[in-house]
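Summary of structural features
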Amino acid sequence: MMKLRLRPCKREDGREVMKWFSDERQMRMWCRDGFTFPLTDGQMDNYYAELERDPRAWGFTALAEDGKPVGSFKMAAADYEADSVHMGYIVLAPEVRGRGVGQQMVSMAVTYAVELLGMKRVTLKVFDCNPGAKHCYEKVGFREEEYRKEDFPYREEMWGNSLMAYNRR
């Protein structure tokens, strides 16, 4: 299995993330309507600048052993009174998908949230048209808490959305 490292994201990571989306549908599964397709340098620069300005959000980049970015996610809506944080914009480089890298990255993110931030709850959302991602999150310990059957229209499709949570035991 690939040994991952997590580090805070850098703006130049956006250039790598942009390469990971070969089509609009795939990008929408990542960001809903948060960006326009195709992604541009300007959009990614704005995304990272917003992360830097938001005191309750921050981004991470997962690196392969050679230091190459292979994953990305953000934590947002940190609530220090409720001890909860939300994960979003979770994505992997195409060449590492289906190899347990996502599970490893999300597990590392949960460990960070629970052990370093002291959070008791980590949430995320996943579309029903992305069963591989949902299965990955379940393997880490996330459980579905809410399901919205008709949550997001994409072209002729209507995607359902699951709110999932990891609750520290």
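**Considering the overall build of the protein**
When its secondary structure is counted, the protein shows five helices and seven strands. From first element to last, N terminus to C terminus, the protein shows the α and β order β-α-α-α-β-β-β-α-β-α-β-β. Residue burial in the protein is summarised as follows: out of 169 residues, 47% are buried. Put simply, of all contacts in the protein between residues at least 6 apart along the chain, 60% involve residues at least 24 apart.

**Here we look at helix H3 (residues 41–53)**
The terminal C-alpha atoms of H3 lie 18 Å apart, and with 13 residues this matches the ideal 18 Å at 1.5 Å per residue to within 8%. Three or more residues of H3 are buried, namely Gln43, Met44, Tyr47, Tyr48, Ala49 and Leu51. On its buried side, H3 packs onto helix H1 (13–19), helix H2 (24–31), strand S2 (58–63), strand S3 (69–79) and strand S4 (84–92).

**Things to note about the packing of aromatic side chains**
The tally for this structure, following the rule as stated, stands at 16 aromatic pairs. A centroid spacing of 6.4 Å and a plane angle of 65 degrees characterise the contact between Trp30 and Tyr47, whose relative ring orientation is edge-to-face. Of this pair, Trp30 sits in helix H2 while Tyr47 sits in helix H3, placing them 17 residues apart in sequence. Here Trp30 matches Tyr47 in class, with each residue buried. Members of the aromatic cluster, joined through ring pairs, are Phe21, Trp30, Phe35, Tyr47, Tyr48 and Tyr89.

**Some points on the pattern of salt bridges**
For the structure shown, the criterion picks out 14 salt bridges. The partner of Glu157 in a salt bridge is Arg25, and the shortest N-O contact between them spans 2.9 Å. Here Arg25 lies in helix H2 and Glu157 lies in strand S7 (residues 157–167), a separation of 132 residues in the sequence. Residue Glu157 is classed as partly exposed on the basis of its relative accessible area, which comes to 29%. Arg25 sits in the partly exposed class, given a relative accessible area of 28%.

**Describing the environment of Ala133**
Inspection of the secondary structure puts Ala133 in helix H5 (residues 131–140). Through-space distance from the C-alpha of Ala133 to that of Gly98 is 9.5 Å; in sequence the pair is 35 residues apart.

**As for the nonpolar core**
Counting 49 residues, the largest nonpolar core has Trp30, Met75, Met87, Tyr137 and Phe142 as its most contacted members. For Tyr137, the contacting residues outside a window of four places in its chain are Ile90, Val106, Leu124, Val126, Phe142 and Met164.

**What about H5?**
An α-helical turn contains 3.6 residues, so a residue and the one three or four places further along point in the same direction. Along H5, the residues that are buried comprise Ala133, Cys136, Tyr137 and Val140. Projected down its long axis, H5 carries its buried residues within an arc of 95 degrees, all on one side. Seen from the open side of H5, the exposed residues pointing more than 90 degrees away from its buried face are Pro131 and Lys139. Along its buried surface, H5 packs onto S4, helix H4 (101–116), strand S5 (121–127) and S7. In the segment just after H5, Gly141 is the residue with positive phi, at about 120 degrees.

**Thoughts on the packing of H4 against H5**
When two helices pack together, their arrangement is given by the angle between their axes and by how far apart the axes lie. Running from N to C, H4 and H5 point in directions that differ by 45 degrees, and their axes come no closer than 9 Å. By the angle between their axes, H4 is oblique relative to H5. Judged by the twist between their axes, the crossing of H4 over H5 is right-handed. Between H4 and H5, the residues in contact are Gly102, Gln103, Val106, Ser107 and Val110 and Cys136, Tyr137, Lys139 and Val140, respectively. Grouping the constituent residues of the contact of H4 with H5 by class yields five nonpolar, three polar and one charged.

Cut-offs applied
Residues numbered from 1 in each chain as written. Predicted model: local features only at pLDDT ≥ 70, side-chain atom pairs only at ≥ 80, totals over all residues. Heavy atoms only, no water. Helix = DSSP H or I, 4+ residues; strand = E, 2+ residues; numbered from the N terminus. Buried < 20%, exposed > 50% of the residue type's maximum accessible area, 1.4 Å probe, protein only. Contact = heavy atoms within 4.5 Å. Expected span 1.5 Å × (residues − 1). Phe/Tyr/Trp six-rings, centres within 6.5 Å; stacked < 30°, edge-to-face > 60°. Salt bridge = Lys/Arg side-chain N within 4 Å of Asp/Glu carboxyl O. Core = buried A, V, L, I, M, F, W, Y, C linked by side-chain atoms within 4.5 Å. Arc of directions from axis to C-beta. Axes fitted to C-alpha atoms, helices over the stretch in contact; angles between N-to-C directions. Parallel < 35°, antiparallel > 145°, perpendicular 65-115°, else oblique. Left-handed = near helix turned anticlockwise from the far one by under 90°. Nonpolar A, V, L, I, M, F, W, Y, C, P; charged D, E, K, R; others polar.

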